[in-house]
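Residue-level structure breakdown
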Amino acid sequence: MDQQIKRGLLDVCVLAAIRDADSYGYQIIKDIRPYVEISESTLYPILRRLEEAGQLTVRSAEHNGRLRKYYRITPSGERKIEDFTSDWQEIMAIWQFITKGAQKHDQN
């Protein structure tokens, strides 16, 4: 898969993982893992990038005697998800066009 496409997909997956409730790194990985493989070394740069873009906020809270960072989606992050779903509909239309052409080719 093209790296730029994959990067965009991962950004939206991370935002979707925190859409309904604040979450922390390990939990985000567990929530995403059934759909796409993601490691801590991949996740934390994504979280920093999304924070810098204003698409999520971070707060620290104590958990079992240690500080844990919790991430919350912002309205800008919600818009990113909405934009992605609109873009994905266009991508699916293109995919249908491409595969329809491949099916015609296979029939000849």
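This text follows the structure it describes.
I will try to describe carefully the structure that is included in this document. Keep in mind that what you see is a predicted model, and the values were worked out from it rather than measured. (Residues numbered from 1 in each chain as written. Predicted model: local features only at pLDDT ≥ 70, side-chain atom pairs only at ≥ 80, totals over all residues. Heavy atoms only, no water.)

Remarks on the overall build of the chain
Rules: Numbered from the N terminus, helices here are DSSP runs of H or I no shorter than four residues, and strands are runs of E no shorter than two. Per-residue accessibility, obtained with a 1.4 Å probe over protein chains only, is compared with the maximum for each type, and a residue is labelled buried under 20%, exposed over 50%, and partly exposed between these values. The criterion used for residue contact is that any of the two residues' heavy atoms lie within 4.5 Å. The protein chains shown are the only cover counted for residues, whose accessible areas, like all others here, come from Shrake-Rupley with a 1.4 Å probe. A positive count includes Lys and Arg, and a negative count includes Asp and Glu. His and the chain ends are not counted in either. A charged residue contributes its charge at one atom only: NZ of Lys, CZ of Arg, CG of Asp or CD of Glu.
Summing up its helical and strand segments, the chain has four helices and two strands in all. Reading the helices (α) and strands (β) of the chain from amino to carboxyl end gives α-α-α-β-β-α. Viewed in the frame of its principal axes, the chain has a C-alpha envelope of about 70 × 25 × 20 Å. Residues classed as buried in the chain amount to 25% of the 108 residues present. Excluding contacts between residues fewer than 6 apart, the proportion of contacts in the chain whose partners are at least 24 apart in sequence is 48%. Approximately 7,800 Å² of the chain is accessible, and the part contributed by carbon and sulfur atoms is 50%. The distance from the centre of the 16 positive side-chain charges to the centre of the 16 negative ones in the chain is 3 Å.

Quick word on the pattern of salt bridges
Oppositely charged side chains are able to pair whenever their charged atoms sit close together. What counts is decided by this rule: Any Lys or Arg side-chain nitrogen found within 4 Å of a carboxyl oxygen on Asp or Glu counts as a salt bridge.
Counting across every chain of the model gives four salt bridges. Measuring nitrogen to oxygen at the nearest pair gives 3.5 Å for the salt bridge that ties Asp22 to Arg59. Of this pair, Asp22 sits in the loop between helix H1 (3-17) and helix H2 (25-32) while Arg59 is found in strand E1 (residues 56-63), placing the two residues 37 residues apart along the sequence. When its relative accessible area of 25% is taken as the criterion, Asp22 is described as partly exposed. Residue classification places Arg59 among the partly exposed residues on the basis of a relative accessible area of 41%. The salt bridge involving Arg72 is made with Asp22; its shortest N-O contact spans 2.9 Å. On the criterion of sequence distance, the pair formed by Arg72 in strand E2 (residues 66-73) and Asp22 in the loop between H1 and H2 is long-range, its members being 50 residues apart. Ionic contacts of the salt-bridge type, sharing partners, join the residues Asp22, Arg59 and Arg72 into one network.

Some remarks on the nonpolar core
Most often, soluble globular proteins have nonpolar side chains that are buried together. The condition that has to hold: To form a nonpolar core, buried Ala, Val, Leu, Ile, Met, Phe, Trp, Tyr and Cys residues must be joined to one another through side-chain atoms within 4.5 Å.
Of all hydrophobic cores here, the largest spans 18 residues; its most connected members are Val14, Ile28, Ile38, Leu43, Leu47 and Leu56. Elements with a contribution of two residues or more to this core: H1, H2, helix H3 (40-52) and E2. Tallying contributions element by element places H1 first for this core, with five residues. Excluding its chain neighbours within four sequence positions, the residues that come into contact with Ile28 are Val14, Ala17, Ile18, Ser23, Leu43, Leu47 and Tyr71.

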